Amino acid sequence: MSIFYQVAATGVVSYLCLSMGIMYTWPSSTLVLFSSENTTLNRPMTETELSLLGSLSSISALVSTPFSSYILDTIGRKYCCLIFSLLQVISWLLVSFFYTVEVVLTSVILSGFCCCATLAVPIYVNEICQDSIRGSMCSGAMVFYGLGMLISYLMGGYMSYDAMNYACLAITILGVLLLLLLKDSPTYLMSKGREKEAAQAIAFYRGTKVKSKVVEEELKALRMSLNPVLDDDVVTPEEEKLNADLKERPKVSMWSFLKKSRSTRRALFMLIVLYTTSMFQGLTVIQVYAEPLFAEAIPTMSPTICSVIFAVVMVVAGFIAAYLVETAGRRSLMLYATFGSGICCIVLGTQIHLHWGPHWLTACFIYVYGVVYSCGAGTVPFVMGAEIFLPEIRSFASMISIEWSIICGFVVLFLFNPIVSAIGLGPIFYFFAAVCFISTIFCYFYLPETKGLTVDAIQLLFAKPKRRNIIP
């Protein structure tokens, strides 16, 4: 029964990613409309404006993400997600009732602020779920993002412009109402000294009573994780015995973590590399520019049908990734999936470049690539970003890595169309393949396995050897 409550709560939180999936793939179904003479807007968009339509959200996300860490730790995980949901509602209100290029681009900028949900949702889910299902639940956000893509492609292909916008508005309003039913993260409540509310939140997410043994044990674990001993501190057996007698260790500031904790710095560096390679492996481009990409790569097939099938494949891939991340583990999954993505990119690039097979084969390769990518670089960095940092530094460290991934995403999306015009679509996938193979080598040497481990145990994986010997 406890699992049911956690899965249900994860679904509500991850619903925000469904709304994101709709908004960020919306340009795919509107690019042709906005550039045509029969556009619903006041005038056709220029080439620059069309590029901005797909990439402006990355700019606003880049600006807003540094503040998301502060918001997460100030008002809490729940209300942070509520703010992002309300911003999505405002974005769809603008698109639904105004028909000018400037307002549409403004709504895209506003929707980009919601990209902070990629930081908030995994952290929120990680802090309300037990370690045994943490990975699968965090990867559930990617499943909902895939569902959002599917809904966006279906509505874009089979609904009118206005009907689609009204439907999306209703979907985002529902997300706000669902979030109101949840309680905030127990970790956040404990960090603010609200232990009674934290106990109530744990009881809510475990489906048990506040005075139960389960709640008492989790509260005890939270107290310990919120008062850590940093791995660069000198720890002797005598000090360990003294610390065991203390009810609470002194609070350590965020900057002290970065300065004194080598494990935190190493974990942050590893996560930044994972996000960088994830963005430059190319699937983001396919998601945002799906319809025009399929139209060019597979001219004999309907781009709308190809996009819808692609979204269905991504949803299925999300469920596969959610299963494998807990069974195969993070490291093995990232290694094999990333190497497989590189092979897919080479095959796909040569097919588009040299046309050695029928056009339908191109679609098959894109779908296989989407599945393999989702199982590795599309899931593992988001799961690990929510679990490898101590609670005191989790929001800030995750913010830094997400901020960098947004920069990479903007570069990829903004440069994609000009590069395609210059060298063609096929050769771009050779570059994506190179990134995949570099990522595989990095993961083989530096990526540890974190499946099923507590945050304290994960920190020891990044600590100095002598520190690993001090604490078993």
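In what follows, the structure referred to is the one given above.
What this report covers is the structure whose coordinates are included nearby. Everything numeric in this text was worked out from a predicted model, so none of it was measured.

## Describing the side chain of serine 401
Then, in step 1: One can find serine 401 in helix 20 (residues 391-423).
Then, in step 2: For serine 401, a relative accessible area of 1% puts it in the buried group.
Then, in step 3: Polar contacts involving the side chain of serine 401 include one to the main-chain carbonyl oxygen of serine 398, which spans 2.8 Å.
Then, in step 4: Look past the residues within four positions of serine 401 in its chain and what remains in contact with it is Leu271, Ile272 and Tyr275.

## Describing the packing of helix 3 (residues 77-97) against helix 7 (residues 161-179)
Then, in step 1: Running from N to C, helix 3 and helix 7 point in directions that differ by 160°, and their axes come no closer than 9 Å. Put simply, helix 3 runs roughly antiparallel to helix 7. In the packing of helix 3 onto helix 7, the handedness of the crossing is left-handed. Contact with helix 3, carried on its side by Lys78, Cys81, Leu82, Ser85, Leu86, Gln88, Val89, Trp92, Leu93, Val95, Ser96 and Phe97, involves Tyr161, Asn165, Tyr166, Cys168, Leu169, Thr172, Ile173, Val176 and Leu179 of helix 7 and no other residues of that element.
Then, in step 2: Of the residues contributing to the contact of helix 3 with helix 7, the split by class is 15 nonpolar, five polar and one charged.

## Structural notes on helix 5 (residues 117-128)
Then, in step 1: Taking 1.5 Å per residue, twelve residues should reach 16 Å; helix 5 reaches 16 Å between its end C-alpha atoms and fits that length.
Then, in step 2: Among the twelve residues in helix 5, twelve count as buried, and that is most of the element.

## A word on the pattern of salt bridges
Then, in step 1: Inspection of the entire model under this criterion finds nine salt bridges.
Then, in step 2: Two residues, glutamate 49 and arginine 43, come together in a salt bridge whose shortest N-O distance is 2.8 Å.
Then, in step 3: The exposure class of arginine 43 is partly exposed, given its relative accessible area of 27%.
Then, in step 4: Among the ionic pairs, arginine 77 bridges to aspartate 73, the shortest N-O distance being 3.1 Å.

## Re the packing of aromatic side chains
Then, in step 1: Evaluated as defined, the whole model comprises 19 aromatic pairs.
Then, in step 2: Here the aromatic rings of tyrosine 99 and tyrosine 161 are separated by 6.4 Å at their centres, their planes lie at 55°, and the arrangement is tilted. Residue tyrosine 99 is located in the loop between helix 3 and helix 4 (101-112), and its partner tyrosine 161 is located in helix 7; the two are separated by 62 residues in the primary sequence.
Then, in step 3: Residue classification places tyrosine 161 among the buried positions, given a relative accessible area of 10%.
Then, in step 4: The interplanar angle of 80° and the centroid separation of 5.5 Å between the aromatic rings of tyrosine 275 and phenylalanine 382 together place this pair among those described as edge-to-face. You can see tyrosine 275 sitting in helix 13 (residues 262-279) and its partner phenylalanine 382 sitting in helix 19 (residues 380-387), a full 107 residues away along the chain. By the burial criterion, tyrosine 275 is buried, and phenylalanine 382 matches it.
Then, in step 5: Feature note: the residues Trp26, Phe34, Trp92, Tyr99 and Tyr161 constitute an aromatic cluster, connected by ring pairs.
Then, in step 6: Over the aromatic face of phenylalanine 204 sits the side chain of lysine 183, whose NZ or CZ is 5.9 Å from the ring centroid.

Parameters and conventions
- Residues numbered from 1 in each chain as written.
- Predicted model: local features only at pLDDT ≥ 70, side-chain atom pairs only at ≥ 80, totals over all residues.
- Heavy atoms only, no water.
- Helix = DSSP H or I, 4+ residues; strand = E, 2+ residues; numbered from the N terminus.
- Buried < 20%, exposed > 50% of the residue type's maximum accessible area, 1.4 Å probe, protein only.
- Polar contact = N/O pair within 3.5 Å; in protein donor to acceptor, adjacent residues only side chain to side chain.
- Contact = heavy atoms within 4.5 Å.
- Axes fitted to C-alpha atoms, helices over the stretch in contact; angles between N-to-C directions.
- Parallel < 35°, antiparallel > 145°, perpendicular 65-115°, else oblique.
- Left-handed = near helix turned anticlockwise from the far one by under 90°.
- Nonpolar A, V, L, I, M, F, W, Y, C, P; charged D, E, K, R; others polar.
- Expected span 1.5 Å × (residues − 1).
- Salt bridge = Lys/Arg side-chain N within 4 Å of Asp/Glu carboxyl O.
- Phe/Tyr/Trp six-rings, centres within 6.5 Å; stacked < 30°, edge-to-face > 60°.
- Lys NZ or Arg CZ within 6 Å of the ring centre and 35° of its normal.

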